[in-house]
2 protein chains.
Amino acid sequence: MLQEVREQPAALERTLAGELRNVEELRERFRNNRPSLIVLVARGTSDNAAQFGRYLLEMATGIPVSLAAPSIVTLYQRPPQLRGALVVAVSQSGESTDTNRVLEQAKADGAMTVGITNEAGSTLARIAGHTILVRAGKELSVAATKTYTGQLLAMYLLAYALGAPVELDTLRRLPAAAESALSLEEQVGSLATGYRDMQKAVVAGRGLNYSNAFELALKLMETCYVVAERFSPADFLHGPIAILDRAFPVFLFAPAGVTWTLNREVLERFGQTGAKTLVITDRGNAEAASAAHGIVIPADLNHTGDLPVDVYTPIPYIIPGQLLAAHLAVAKGLNPDQPRTLSKVTKTL
Amino acid sequence: MLQEVREQPAALERTLAGELRNVEELRERFRNNRPSLIVLVARGTSDNAAQFGRYLLEMATGIPVSLAAPSIVTLYQRPPQLRGALVVAVSQSGESTDTNRVLEQAKADGAMTVGITNEAGSTLARIAGHTILVRAGKELSVAATKTYTGQLLAMYLLAYALGAPVELDTLRRLPAAAESALSLEEQVGSLATGYRDMQKAVVAGRGLNYSNAFELALKLMETCYVVAERFSPADFLHGPIAILDRAFPVFLFAPAGVTWTLNREVLERFGQTGAKTLVITDRGNAEAASAAHGIVIPADLNHTGDLPVDVYTPIPYIIPGQLLAAHLAVAKGLNPDQPRTLSKVTKTL
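Draft legend 1. Here's a closer look at the sheet that holds strand β6 (residues 200–204) of chain B. Residues and elements named next belong to chain B. Pairing in this open sheet of 5 strands is parallel, and the strands run β7-β6-β8-β9-β10 from one edge to the other. The two strands at the open ends of the sheet, each matched to only one other strand, are β7 (227–231) and β10 (294–297). Going across the sheet, the axis of each strand differs from the next one's by a mean of 15°, ignoring polarity. Bridge analysis of strand β9 (residues 276–282) against β10 gives 4 bridges, and the strand direction is parallel. When the bridges of β10 are listed, Thr-281 appears paired with Val-296.

Draft legend 2. The environment of Leu-124 of chain B, seen in detail. Residue and element names in this part refer to chain B. Mapped onto the elements of the fold, Leu-124 is located in helix α6 (residues 123–127). Classification of Leu-124 by relative accessible area gives buried; the value is 0%. Residues contacting Leu-124, with those up to four places away along its chain left out, are Ala-89, Ser-91, Gly-94, Asn-100, Leu-103, Gly-115, Ile-116 and Thr-117.

Draft legend 3. The interface of chain B and chain A, seen in detail. Opposite the 72 residues of chain B that make contact, chain A presents 72 residues. The contact between chain B and chain A buries some 5900 Å² in all, and 55% of this surface belongs to carbon and sulfur atoms. Connecting chain B to chain A are 4 salt bridges. For Asp-235 of chain B, the salt bridge is made with Arg-43 of chain A, and the minimal N-O distance between the two is 2.9 Å. Along the contact surface separating chain B from chain A lie 28 residue pairs in polar contact (both at pLDDT 80 or more). Contributing elements (two or more residues each) for the side of chain B that touches chain A: α3 (44–61), β2 (65–67), α4 (70–74), α11 (210–224), β7, α12 (233–237) and α13 (260–273) of chain B. For the side of chain B that touches chain A, the residue count by class is 38 nonpolar, 18 polar and 16 charged.

Quick notes on the rules
- Residues numbered from 1 in each chain as written.
- Chains lettered and ligands numbered in written order.
- Predicted model: local features only at pLDDT ≥ 70, side-chain atom pairs only at ≥ 80, totals over all residues.
- Heavy atoms only, no water.
- Pairing = 2+ DSSP bridges.
- Helix = DSSP H or I, 4+ residues; strand = E, 2+ residues; numbered from the N terminus.
- Axes fitted to C-alpha atoms, helices over the stretch in contact; angles between N-to-C directions.
- Buried < 20%, exposed > 50% of the residue type's maximum accessible area, 1.4 Å probe, protein only.
- Contact = heavy atoms within 4.5 Å.
- Buried area = accessible area lost by both parts, 1.4 Å probe.
- Salt bridge = Lys/Arg side-chain N within 4 Å of Asp/Glu carboxyl O.
- Polar contact = N/O pair within 3.5 Å; in protein donor to acceptor, adjacent residues only side chain to side chain.
- Nonpolar A, V, L, I, M, F, W, Y, C, P; charged D, E, K, R; others polar.

Next up, the structure:
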């Protein structure tokens, strides 16, 4: 797992270099055929990447986005009408049975289809009308890491293909941003030791970093067996905050931008409960970066173009989370590459 | 809380009696104006009811459904294009700031709008083009119960208004089904004592009962301070199952029908980990009902019409969950009506 976490800058470079021409072609196709709706379908880590796509694609293209409920197609066999929609399936292996079924059904119904996968020869790549390849290289650890950030990158590329004002030059700086996050490994490793006895946790993030809350929680569950809840801070205030008490471990993704106002307020509320909060931020959020218990990515990830200021934070932000999970697993005496009761490809309907 | 749980059969009766004419009118309006997309927007318990609507409306009408991401409108101020869509806001109080903002924006953009609320004089009822009133009576407990089942009922009524083959005669039998679930109070109360030391739990449910997994987990979090994870069993197998170990408390909603095949398999996997699983089912699922550790609603809730066999299970199924949370809170020495750090109306953007 750790090795794959460290491979991410190179993997991101490779995806960009390999996919740009493909994505320009896709952009041509969408120019005369704009979808009225985007439906994303995925499971597990890929579903967390889809959750990022749900926010990015809707806010960057103005097209409404929905996360599919696969069982409506696979179990209940009552597929919705998707003519004119774009259906995007996301799967590391490309062999997720339910995801592929939903995509196949949508295609038969007249939807445009795109597959985002790490495996060029997979069933998903064969079904999808168009494929964006993640090109992260074989992922051996059961806990997905480099394919998650690769899928996030693929979402930016898809947004670009749909005509969104995503800047390719900024995407080209993401590998360096990932590198700067990786430079925190020693700090995060020693932090992990302090969490050795953690059995439960809350991970919170909002908007473009909502998916990272899901993803860090999933890594903590599958590699460290921590009962990790994932929330938007807005939802967390609607009830679940009652679970917090003294020393309860909380992790909060806190970039600069429009989510910071609520996050700052939420941090205060957390403080009142005595919870032990760790903030993941970057130099661009000076206020959060100067606070006591934080992981501060040593780069300013703020963006000044047509998209929100925090739009390029999610890839570097998840990296300290991945490092934390990998080091914590080791501190707990577990093998993060082979969690109990799990296998790499999960097939469900 | 307990008193409001017990009021549910009467509240459901009242909603049906009071709303049927209104819903027939709405059905007329939709007949010549079928939306191309349905967007549901809500927070907290109301968002769990929306999650039910996400499944019911899509499978019963064939119209694609999306759960809104409010921050895209309220914080990022990049609303999607929703002309021709139906936007449905769900809120007990009708005063949820972000929900109302999203609805207002959608209306200005040319969307049809419906509000589902318990308060006829609320801001939400004023903004919405059409309102379905929950008529549960004032809800005093911070933990919502009767408004949740009232909102589920409103979703059936909305599906009917959209031309779905929902049978009004079957809806009229739901108060009796709720009554039969309430008859379990003594059994559930004594079960609760056995969970007195529970600190963490997993709640799982799929398809039409996915929302109930979210809702039971939320009740356990807010009234009993249990760190309760909520999952679809399909997602749970993709990683989080690693958290399970001996005696880990798991709750599974298990009606008859297409979800039972996977649920049965999942129960076996849970068994292998030594987890302590409690199944919520009804007499109509003979196999689950005859298993050892179950709460069996003494009614056959299977449905034989045009919709799936489990379509009318969610309202009675959540009731043992509500009873469990209320009794467990008392067993833990907590006041379920007034959880720490919470208030009834939560305002976030």
